[in-house]
Amino acid sequence: RKSRIEKTKTVCTYCGVGCSFEVWTKGRDILKIEPSVDAPVNGISTCIKGKWGWDFVNSEERLTKPLIRQGDRFVEASWDEALSLIAEKLGSIRDEHGHDSLAYIASSKCSNEENYIFQKFARSIMGTNNVDNCSRYCQSPATSGLMRTVGLGGDSGTIQDIQQAELVLIVGANPAESHPVLATRVKRAHKLYGQKLIVSDIRKNEMAERADLHLHPHPSSDLVWLSAVTKYIIDQGWENREFIDQHVEGFDAYRESLAPYTLEYAEEKSGLTREQLIQTAEMIHQSGSTCILWAMGVTQHRGGTDTSTAICNLLLTTGNFARPGTGAYPLRGHNNVQGACDFGTMPNYFPGYEKVSDDAVRARYEQAWGVKLPDQPGLDNHQMVDGIEDGRIKGMYLFGEEMALVDSNSNFVEEMFGKLDFFVVQDIFFSRTAQFADVVLPASPSLEKDGTFTNTERRIQRFHQALEPLGDSRPDWRIIQDVANALGANWNYRHPSEIMDEAASLSPMFAGVSYERLEGWNSQVWPVKPDGSSTELLYTDGFAFPDGKARLYPVDWTVPFEPEAEYDLHLNNGRLLEHFHEGNMTYQSEHIRHKVPSTWLEVSPELAAERGIETGAQVRLVSPFGAVKLSVVVTDRVRGKELYLPMNTQQASEAVNRLTSSHTDKVTHTPSYKEISVRMEVL
Ligand code: SF4
C-alpha cells in the first residue's frame, strides 16, 4: 500500500445524500476523490465536503491510544488496561444498581454493522434497552409522523423521484447547504425541466431565492399554514377522492379537525397572506406529482411530530404517495442517521423497526442471541440526561457523538456528564465530550474500515477500507466486540460482513442484504426481499398497516412560548455548506478550514440599523440558559428581529447550544432547538 496509488470505493460521511466515489491514496496520503457515472446517487457530483473533507484522517489530533483519567489528566494505556477497567466499572454498576442504570449512545456517523452490534451489546450483554442515537436530535419527529400516517419511517421514494416530481415543496430545510448534491438535482429539474418549487423557510436561503414561491411564515407556525392549505384544498373539492377511498382511513374525522384552520386564522398566526396560501394550494392541485421535503426547521420544535404529521396528511389528502415523483422526504442529516435507526440503536425498536415489546419478535432475538431480553422500551438520549440528574443513570458508554456540543442546553448536559460514576467515550478525536470521560477509546474513521451506510433514500451502500487504522486505533465494531467480550460475551465477528449476515437473518427488512450483492457500485434499498431485490418506491402494494390503508391523523398546533420581554429576538440555527455538524472532522481538513475558519451571526439590515452595528461587530447573545460571543454578518437572508447562527463550530464559547433550552418535541423528546429567544448586547 505504501508505494502504489490505490483506488478504493467509499461513501461520503458528511450528509444523508450518501454520495459514493473512489478515493485515491498513496500510503496515507489522500490524492484525489473521483466520482463515477456508476455511483447510484451522485454520478459525477460531489460537494466541497465530499471533495476536500478527508485530511482529518491524518490529523495530529487523532486519538491513537486508549486514555484513562487520573485525576484532572488523562494518561495513555494499553487496550488490555482500558478494556479491563471498562469491564470492571460497567459490570459493577450493573450489578450494584441494575441493568437500567447504564446508558448507551450510538453513532449515526458509524456503520450499520457497528450500530447493530452496539444495540446487541446493550440488550444482550448489558440487559437494557437504554440505547439511542442522534436521530433523537434531528429527524425522530419526522419518523414518528410518518409512522402515524403511512407506517414506515423512511423516505417514500428515491432522489430520482424528487427529481421527476412536477412540484417540490421544501419546508424548513436548506438542502443547498445541508444536502448539496440532492439540491443540485432539484435546481436542475427546476431550471431545465419545468419543475415547480415552493420553499417555506424563515431564512432566505439559496433554494428560497430560486423558488417560484418563497413563503416566510412566523417561526413555529408551519402546522397552521400546512393545515390551512389542506383545508382549502378540501373546501375546493380538490382532494384525491379515488385515492382516499381506496387507500386512506379517517378522512371525515380529519376534515372536521381542520375546521379551525381557516385562511383568516392562518394569516393571523403564520403571517402568510391569503394570496400565498391560495397560490400554494393551487400549485399542489395543479401538480400531477408532488414531493414534500423537510428537515430540522420542522422537526426541532415542541410540535415537531405534529407538523411532520400535517405534511403527511397533506400528501395523503392529495394522493401524493406510491407513484413516481411523489411522497414524503425528511432529509437525513448525518450520513448514517437512517442506518443507525434501521439497525436498532433506538430504545423501543430492534433492527427493522420491530418493537422490543413484541413477544414474538423478542423471542426471535432471544433464541438467536441465547439470552433473555428486556421487554420494555428504554430511555432515549434526552431521558438519559434527565436520568443522570435524578440518579437513575450512573454510567454511560458513548461512541462517535459530540453530545456535549450538539445536545441542547449544553451547559446542563456537561454538568450532568460530570455527575456520572463512569463514562466511556469512543471517538477519533479527543472531543469536548471526551473531556468528561473516565476512559477514552481511539476509533478509526470510515476510510480505515469496511462497512455499509444507509442514506436518506434507504439505500444501503458499501464502503471499503483504504488505509490501515492510525496508531492503536481500531474500527468501532471491533472495539464494541472487545468491550462485549471483556464483559463476558464470546463474540468472534471477523469482518463486518458477518455482522450484516446476522442482521439480515434476523430482520425481515434486510432479508436479502449481503456484501456480495453490494459489491462495486451496487446498492440495495430497503425493504430488501430475500432474493436481494430492492424497494425504491414504498407503498405500491399498500401502506404499512395490517389493512394496507394509510391513516389521516388529526393534529393540533403547539402555540409558541411567549418569551420574556428582555429576550426580544428569535434565533434560528442550521448548517453551513462547508462544515459538518460540530466540525470535528471538517475543521481538521485544511482546505475547508482555510475557507471557513469560524462561524458568525446573521443580522438583518433593519435590526443592524436599529442597533447601530455593521458586519464585523462583536455581540453577545444571551438566553435564559447561557451566553455566546459572536461576530456579526449583516445580510438580508434574515428579516427583522430574526437572527441566524450556523451550528457548526468547535468553540463552546460560540456554540448555539449554550443558548438552547431543554424543551423537546412532545412525542419524541427531540430538542426544540429552533425555539430560542435571545437578547443581543453590542460589545
Ligand atoms: Fe457528501 Fe452530502 Fe456532499 Fe454528497 S452532498 S459529497 S454525501 S456532503
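Calculation rules
Residues numbered from 1 in each chain as written. Predicted model: local features only at pLDDT ≥ 70, side-chain atom pairs only at ≥ 80, totals over all residues. Heavy atoms only, no water. Helix = DSSP H or I, 4+ residues; strand = E, 2+ residues; numbered from the N terminus. Contact = heavy atoms within 4.5 Å. Near = heavy atom within 4 Å. Nonpolar A, V, L, I, M, F, W, Y, C, P; charged D, E, K, R; others polar. Domains from an automatic or database assignment. Buried area = accessible area lost by both parts, 1.4 Å probe. Polar contact = N/O pair within 3.5 Å; in protein donor to acceptor, adjacent residues only side chain to side chain. Phe/Tyr/Trp six-rings, centres within 6.5 Å; stacked < 30°, edge-to-face > 60°. Axes fitted to C-alpha atoms, helices over the stretch in contact; angles between N-to-C directions. Parallel < 35°, antiparallel > 145°, perpendicular 65-115°, else oblique. Left-handed = near helix turned anticlockwise from the far one by under 90°. Buried < 20%, exposed > 50% of the residue type's maximum accessible area, 1.4 Å probe, protein only. Pairing = 2+ DSSP bridges. Core = buried A, V, L, I, M, F, W, Y, C linked by side-chain atoms within 4.5 Å.

(A) Spatial organisation of the environment of Gly 194. Considering the arrangement of structural elements, one finds Gly 194 in the loop between helix H7 (180–192) and strand S9 (196–200). Residues Gly 194 and Ala 443 lie 249 residues apart in sequence; the distance between their C-alpha atoms is 47 Å. Setting aside its immediate chain neighbours within four residues, Gly 194 contacts Glu 166 and Ala 189.

(B) Spatial organisation of the site of the ligand. The ligand sits among Cys 12, Tyr 14, Cys 15, Gly 18, Cys 19, Cys 47, Lys 49, Gly 50, Pro 180 and Val 181. When residues of the shell around the ligand are traced back to their parent elements, those giving at least two are helix H1 (48–52) and H7. Considering only residue class, the shell around the ligand consists of seven nonpolar, two polar and one charged.

(C) Up close: the domain arrangement of the protein. Domain assignment breaks the protein into domain 1 (5–58), domain 2 (70–135 + 335–525), domain 3 (140–331) and domain 4 (569–682). In this complex, domain 1 contributes 11 residues to the contact, which on the side of domain 3 involves eight residues. A combined buried area of about 620 Å² lies between domain 1 and domain 3, and 69% of that area is made up of carbon and sulfur atoms. Run the count over domain 1 and domain 3 and you get two residue pairs in polar contact (both at pLDDT 80 or more). When its residues are assigned to classes, the side of domain 1 that touches domain 3 shows five nonpolar, five polar and one charged.

(D) Summary view of the packing of aromatic side chains. Applying the stated criterion to the full structure yields 28 aromatic pairs. With a centroid separation of 5.2 Å and 80° between ring planes, the pair formed by Phe 118 and Tyr 397 is classed as edge-to-face. Placement of Phe 118 in helix H3 (residues 112–125) and of Tyr 397 in strand S16 (residues 395–399) is noted, with a sequence separation of 279 residues between them. Look at Phe 121 and Tyr 397: their rings are 6.0 Å apart centre to centre, the planes differ by 75°, and that puts the pair in the edge-to-face class.

(E) Spatial organisation of the packing of helix H9 (residues 222–235) against helix H13 (residues 274–286). Following both chains from N to C, one finds H9 and H13 inclined at 60°, their axes separated by 9 Å at the closest point. By the angle between their axes, H9 is oblique relative to H13. The chirality of how H9 crosses H13 is right-handed. Residues Trp 225, Val 229, Tyr 232 and Ile 233 of H9 form the contact with H13, whose own contacting residues are Leu 277, Ile 278, Thr 280, Ala 281 and Ile 284.

(F) Structural detail: the pairing of strand S12 (residues 290–294). Summarising burial for S12: five of the five residues are buried, a large majority. Alternating residues of S12 divide into Thr 290, Ile 292 and Trp 294 and Cys 291 and Leu 293, and every residue in both groups is buried. Bridge count for S12 against strand S13 (residues 327–330) is four bridges, and the pairing is parallel. Its bridge partner lying in S13, Leu 293 is registered against Tyr 329.

(G) Representation of the environment of Asp 38 within the structure. Within the fold, Asp 38 resides in the loop between strand S3 (29–34) and H1. For Asp 38 and Phe 21, which are 17 residues apart along the polypeptide, the C-alpha to C-alpha distance reads 9.1 Å.

(H) Just unusual backbone geometry, in detail. Between Trp 526 and Pro 527 the backbone carries a cis peptide bond, its omega angle lying at -5°. Its place among the elements puts Pro 527 in the loop between strand S21 (523–525) and strand S22 (550–551). You will see that Ser 220, though not glycine, has its phi angle at about 65°, which is positive. In this structure, Ser 220 sits in the loop between strand S10 (213–215) and H9. A relative accessible area of 18% means that Ser 220 is categorised as buried. Within the chain, His 669 stands out as a residue other than glycine whose phi angle is a positive 70°. Tracing the backbone shows His 669 in the loop between strand S27 (642–646) and strand S28 (677–682).

(I) The arrangement of the nonpolar core in detail. Counting 156 residues, the largest nonpolar core has Phe 121 and Trp 294 as the members making the most contacts within it. Element by element, the count of residues in this core is highest for H9, at nine residues. Excluding residues that lie within four positions of it along the chain, Phe 121 makes contacts with Tyr 104, Met 126, Tyr 397, Ile 480, Val 483, Ala 484, Leu 487 and Trp 491. In terms of nonpolar packing, the next biggest core, distinct from the first, is built from 30 residues, Leu 63, Leu 379, Val 385 and Met 403 among them.

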